[in-house]
Amino acid sequence: SATAVTAGDQHACAVLADGTARCWGSNGAGQLGDGTPNDSTTPVAVSGLSDVVAIDAGRWHTCAALADGTARCWGDGWAGQLGNGGTAPSSTPVAVSGITDATAVSAGSTHSCAVLADGVAQCWGLNDWGQLGDGSEDSSLVPVTVTGGGDAVDVSVGYNHTCAALADGTVRCWGQNPYGELGTGTEGWTSVPVEVPGVAGAVAVDASGEHNTCTVLADGTGRCWGDNPFGQLGDGISPGTGSGTPVTVLDLDDATTISISNDHACARLGDGTARCWGSNGYGEVGDHSGAPQRETPVAVLAPKLVGTVAETVSGGDHTCARTTAGTVACWGDNLRGQLGDGTTTDRPHPTTVPGISTATAL
């Protein structure tokens, strides 16, 4: 069964129960990891990768954490986002330098991060807005330690900002901040982590939106902040009205995960259903309504899903879900085959990815 799923800008990946990974969609930078530059509308095996425990797809690269604590990245590398000390792209996984005890990884546009077993976060890649969090503006081709100690339980990389959920339930963010994506209510960027006010009991954070961030709290509610051109903050406020501090996502009181992309977001609920909100120009909200956008969460129509939803991930203009049965389904934009169903046809509700029945991560 699929145990996890992840969605990048125009590609997606899943981890299977045997510890291998499959990816599909756009592959111009080698982000599928199969050793070729060829797009694929169906899943292909990531070359030489086994014992995967976590995976994350960035805009044009992908990273994974392995059971032995090491990390691997592949795809675009011009800014050092692969973490191997170079800037060349790689269509197969390369080892991230110096990481031996990673528990989680996150890949963004031009930088990546990992959480280590002791709660320390490390980041690598472009750092022109302080998104590596080490107090400098110096980019790094290898991991550097984020300022502030070792109590991170989750880290998420956005376009030019990064956020981490800490063991005490707070969230800290750093990097670029033109649309309030740091959630601090103040203007200006920062190269060191700053606490997001008004957030308590956070269990996970997602900064995958270009200028947005969301977190899910222990009570099942969600908070989002940043840019809001398509209603992706989920607070029912007219699109275009963003927020530099967290706002409550409406009609959401039993969420276990939230994922956000450039223009939409989705949540998995405790009953195994999914809700999405934001832009729906390609059907990425999954309600088959044809409405151009949704300012509050709506139910995803999933009549053909095998099992219930275990997690959702939001890509550029598409969404994927892993089910409790280990299958994967995707919906929305399919220009580069990122829905994995063997076509390039957009889908306004979930379509099953063929050939995956043992996914453990997505």
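See above for the structure.
A brief structural summary. For clarity, every value in this text was computed on a predicted model and none was experimentally measured.

Calculation rules
Residues numbered from 1 in each chain as written. Predicted model: local features only at pLDDT ≥ 70, side-chain atom pairs only at ≥ 80, totals over all residues. Heavy atoms only, no water. Buried < 20%, exposed > 50% of the residue type's maximum accessible area, 1.4 Å probe, protein only. Helix = DSSP H or I, 4+ residues; strand = E, 2+ residues; numbered from the N terminus. Pairing = 2+ DSSP bridges. Polar contact = N/O pair within 3.5 Å; in protein donor to acceptor, adjacent residues only side chain to side chain. Disulfide = S-S within 2.5 Å. Axes fitted to C-alpha atoms, helices over the stretch in contact; angles between N-to-C directions.

All right, on to the pairing of strand E19 (residues 222–226) then. By the criterion of burial, E19 is predominantly enclosed, with five of the five residues buried. Residue alternation in E19 divides its side chains into two sets, Gly222, Cys224 and Gly226 and Arg223 and Trp225, and both sets are buried. In this sheet, E19 lies alongside strand E18 (residues 212–217) in antiparallel orientation, the contact comprising five bridges. Note on E19: the bridge partner recorded for Cys214 is Cys224. Hairpin geometry of E18 and E19 is characterised by an intervening segment of four residues between the two adjacent antiparallel strands and by a positive phi of about 90° at Gly220.

Following the sequence through the fold, Asp341 ends up in the loop between strand E27 (328–332) and strand E28 (347–352). Of the polar contacts made by the side chain of Asp341, one reaches the side chain of Thr343; its length is 2.9 Å.

A separate point is the state of the cysteines. The final tally for this structure, using the stated rule, is seven disulfides. A sulfur-sulfur distance of 2.0 Å marks the disulfide that ties Cys113 to Cys123. Judged by the sign of its S-S torsion, about 105°, the bond between Cys113 and Cys123 is right-handed. A residue pair is termed long-range when its members are at least 10 positions apart, and Cys113 in strand E10 (residues 111–116) and Cys123 in strand E11 (residues 121–125) qualify at ten residues. The exposure classification of Cys113 matches that of Cys123, with both residues buried. Here Cys320 connects covalently by a disulfide to Cys330, the sulfurs 2.1 Å from one another. Torsion about the S-S bond of the Cys320 and Cys330 cystine: about 105°, corresponding to right-handed handedness. On the criterion of sequence distance, the pair formed by Cys320 in strand E26 (residues 318–323) and Cys330 in strand E27 is long-range, its members being ten residues apart.

Here we take up the pairing of strand E17 (residues 202–206). Sheet analysis places E17 next to E18, joined by four bridges and oriented antiparallel. Residue pairing in the sheet places Val205 in a bridge with Thr215 of E18. Between the antiparallel neighbours E17 and E18 lie five residues.

For the rest of this paragraph, the subject is the sheet that holds strand E5 (residues 52–57). Overall, antiparallel pairing links the four strands, which are arranged E5-E6-E7-E8 in an open sheet. The open sheet has two edge strands, E5 and strand E8 (90–95), and neither has a second partner. When strand polarity is set aside, the average angle formed by the axes of neighbouring strands in this sheet is 20°. By the bridge criterion, three bridges tie strand E7 (residues 71–75) to E8 in an arrangement that is antiparallel.

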